[in-house]
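Spelled out, the chains give:
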Amino acid sequence: MENRSLNIIIEKHVPFLAGLLEPYANVRYLDSAEIDVEKMRPTDALITRTRTRCDRSMLELSRCSFIGTATIGTDHIDTAYCAERHIAVVNAPGCNAPAVAQYVMSSIVHMANRPLSQYTLGIVGVGHVGSIVEKWAKAFDMRVLVCDPPRERAEGGDGWSSLDQIAAESDIITFHTPLTKDGDDATWHMADASFFDKLRRAPIIINSARGPVVDTEALIEALDSGKVSKAVIDCWEGEPAISTELLRRAAIATPHIAGYSHEGKVRASQMVLDALTNFFTLPRISLGMNVSMRVPSSVRVVDLVQTCNPMTDTAALKANPENFEQMRDSYKYRTEVKGGKID
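Residues numbered from 1 in each chain as written. Predicted model: local features only at pLDDT ≥ 70, side-chain atom pairs only at ≥ 80, totals over all residues. Heavy atoms only, no water.

Novice: Explain the packing of aromatic side chains to me, please; I cannot follow it from the model alone.
Specialist: What describes a pair of aromatic rings is the distance from one ring centre to the other and the angle between the planes of the rings. Under the counting rule described, the total for this entry stands at seven aromatic pairs. Measuring from centroid to centroid gives 6.0 Å for Phe175 and Phe195, while their planes differ by 65°, and the two rings are edge-to-face. Of the two residues, Phe175 is situated in strand 8 (residues 172–175) and Phe195 in helix 8 (residues 193–197); the sequence distance between them amounts to 20 residues. Its relative accessible area of 3% is what places Phe195 among the buried residues. Measuring from ring centre to ring centre gives 4.8 Å for Phe279 and Phe280, while their planes differ by 80°; the resulting arrangement is edge-to-face. Residue Phe279 is classed as partly exposed on the basis of its relative accessible area, which comes to 36%. (Phe/Tyr/Trp six-rings, centres within 6.5 Å; stacked < 30°, edge-to-face > 60°. Helix = DSSP H or I, 4+ residues; strand = E, 2+ residues; numbered from the N terminus. Buried < 20%, exposed > 50% of the residue type's maximum accessible area, 1.4 Å probe, protein only.)

Laid out in structure tokens, this is it:
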């Protein structure tokens, strides 16, 4: 059904959507910096990414009733305000989980100086991404410790580790939590000075979750003191104005592209497109690119190395940190790693 009174803004770096909604709506494609209160005033729906802050100051004069973010996280959206205004908020949970797991495991392979089976891996946050990392690490015969208090409370059972145990026993620690500031499970600066003081094995620290999960200054001090042996950083505090001191010290440093696979972007765009057409009672529109949500139960080192090389991206970012956002926006989506048996 045609609805030319429907006004939609699509952040122009959300891929694969150009031209699809024009038969049903007035569509504008804007850079995130161009999306402001005036542009939003006549807008009914917004499809965006993490760079657009959606809050009262952006939305209070708008007639917007739908926000779709082609990302896993929603910390750029004031969801409480949107609920108050009856603005539907939709994200794309799990869309790029295999890609982030691919990045993490490839980084581990690049950082390892002994067989993977000799490492203990601590995973903090065992959701879409963390559970894949856990599965693949165990397939490499790594000892794996998992910390996820909300899941532990909900599911019970054995096999869960505390954050203190992760700190004491892990050779590698990777974070896969959302960013939250309140409550018992707040993750803002979860890895702070007190956490680094509890480390016992000079682990590799990996942050491909959210930048502020790790306290930048505390991590720099931990690297300088030897409490942390190496850092792998894809998500940074203050993006795109990242810490040049942490950049200099990081063994792997990339511009927030851990989840940037072709398949992940297809999933994300299709998920928010489906949500939008359903919300406004439009015909379903397919991107025409069918991508499976199934994940390999195991992967091979050779395939990880061939499909994801974070060292190339590290060299580029270290050479030109001021181009962080440009590198992110122009990143050539990689293909997700294939594996053996598929679950």
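After presenting the structure, the write-up continues.
Novice: Which parts of the structure should I look at to understand helix 13 (residues 310–319)?
Specialist: Taken as a whole, helix 13 has its buried residues at Pro310, Asp313, Thr314 and Leu317. Buried positions in helix 13, seen along its axis, are confined to an arc of 105° and lie on one side of it. Exposed residues lying more than 90 degrees from the buried face of helix 13 are Thr312 and Ala319. The inward-facing, buried residues of helix 13 contact helix 4 (97–111), helix 10 (244–249), strand 11 (252–253) and helix 14 (324–329). Between the side-chain oxygen of the N-cap and the backbone nitrogen of Met311 there are 3.1 Å, and the N-cap of helix 13 in question is Asn309. (Arc of directions from axis to C-beta. Contact = heavy atoms within 4.5 Å. Polar contact = N/O pair within 3.5 Å; in protein donor to acceptor, adjacent residues only side chain to side chain.)

Novice: Help me out: how do you make sense of the pairing of strand 1 (residues 7–11) in this one?
Specialist: Within a regular strand, the side chains alternate between the two sheet faces. Counting buried positions along strand 1 gives five out of five residues, so the element sits mostly inside the fold. Summarising the sheet, strand 1 and strand 2 (residues 26–30) pair through five bridges and their orientation is parallel. Considered in strand 2, the bridge of Ile8 is made with Val27. Sheet analysis places strand 1 next to strand 3 (residues 45–48), joined by three bridges and oriented parallel. Residue pairing across strands places Ile9 opposite Leu46, the latter belonging to strand 3. (Pairing = 2+ DSSP bridges.)

Novice: Help me out: how do you make sense of the state of the cysteines in this one?
Specialist: By definition, a disulfide links two cysteine residues through a covalent bond between their sulfur atoms. All chains considered together, the criterion is met by zero disulfides. Cysteine Cys64 shares no disulfide, and the gap to the nearest cysteine sulfur, in Cys82, comes to 7.4 Å. For the unlinked cysteine Cys95, the closest cysteine sulfur is that of Cys235, found at 13 Å. Under the relative-accessibility criterion, Cys95 is labelled buried at 2%. (Disulfide = S-S within 2.5 Å.)

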